[in-house]
Amino acid sequence: MANKYSKAQNEQLIAAALDVLEESPIALTISDICVRRPSLAGQTNQKMSRILNELIEYGFVRKSVNKQTKRMMYMSVNQLTSQGYKEEN
């Protein structure tokens, strides 16, 4: 099956998602991320999960589960370190 997105399109989505997370001082859900950029509006949760997982693999983003809502939350490593969190090794 052919990929629906070109490499350039995927790179644009990755850059847009990282940009949103770099600007946010709080952790965001996938839907929170998508509403902050027109280029991300309409993306499926599955596609956004893949994009965010790439950013996690690159070491730019961390994720955790919100205990109250049981939803996955994402935050940029730069935001975490600027707020005083130490990087785990």
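The sections below set out a description of the structure shown in this document. Everything numeric here is computed off the predicted structure, so don't read it as measured data.

### Digging into the overall build of the protein chain
Secondary structure assignment for the protein chain yields 4 helices and 2 strands. Across the protein chain, helices and strands are ordered from the amino to the carboxyl terminus as α-α-α-β-β-α. Here the protein chain has a C-alpha radius of gyration of 13 Å; the compact-globule value for 89 residues is 12 Å, and the two agree. With respect to the principal axes defined by its C-alpha atoms, the protein chain has extents near 40 × 25 × 25 Å. Accessible area of the protein chain: about 6100 Å², with a carbon and sulfur share of 53%. Separation between the mean location of the 12 positive side-chain charges and that of the 9 negative ones in the protein chain comes to 7 Å.

### Focus on the side chain of Ser 24
The residue Ser 24 is located in the loop between α1 (7-23) and α2 (30-35) in this model. Since its relative accessible area comes to 5%, Ser 24 is described here as buried. Residues in contact with Ser 24, not counting those within four places in the same chain, are Met 75 and Gln 79.

### Notes on the nonpolar core
Ranked by internal contacts, the top residues of the largest apolar core, which has 19 residues, are Ala 17, Ile 33, Leu 40, Met 48 and Leu 52. For this core, the secondary structure elements donating two or more residues are α1, α2 and α3 (45-58). For this core, the element with the highest residue contribution is α1, accounting for 7 residues. Filtering out sequence-adjacent residues up to four positions away, Ile 33 remains in contact with Ala 17, Val 20, Leu 21, Leu 28, Leu 40, Met 48, Leu 52 and Tyr 74.

### Re the pairing of strand β2 (residues 72-76)
Taking burial as the measure, the 5 residues of β2 include 4 buried ones, the bulk of the element. Of the strand pairs in this sheet, strand β1 (residues 61-65) and β2 are connected by 5 bridges, and their pairing is antiparallel. Residue pairing in the sheet places Ser 64 in a bridge with Met 73 of β2. The turn linking β1 back onto β2 is made up of 6 residues, and Lys 70 within it adopts a positive phi angle of 60°.

### Topic: α3
If you check α3, its first and last C-alpha atoms are 20 Å apart, about what 14 residues at 1.5 Å a residue would give, namely 20 Å. Turning to α3, its buried residues are Lys 47, Met 48, Ile 51, Leu 52 and Leu 55. All buried residues of α3 lie within an arc of 130° about the axis, which places them on one face of the element. Every exposed residue of α3 that faces more than 90 degrees away from the buried side is listed here: Gln 46 and Glu 57. For α3, the elements touching its buried residues are α1, α2, β1 and β2.

Rules used throughout
Residues numbered from 1 in each chain as written. Predicted model: local features only at pLDDT ≥ 70, side-chain atom pairs only at ≥ 80, totals over all residues. Heavy atoms only, no water. Helix = DSSP H or I, 4+ residues; strand = E, 2+ residues; numbered from the N terminus. Rg over C-alpha atoms; globule rule 2.2 N^0.38 Å. Areas by Shrake-Rupley, 256 points an atom, 1.4 Å probe, with all protein chains shown as cover. Lys, Arg positive; Asp, Glu negative; His and termini not counted. Charge placed at Lys NZ, Arg CZ, Asp CG, Glu CD. Buried < 20%, exposed > 50% of the residue type's maximum accessible area, 1.4 Å probe, protein only. Contact = heavy atoms within 4.5 Å. Core = buried A, V, L, I, M, F, W, Y, C linked by side-chain atoms within 4.5 Å. Pairing = 2+ DSSP bridges. Expected span 1.5 Å × (residues − 1). Arc of directions from axis to C-beta.

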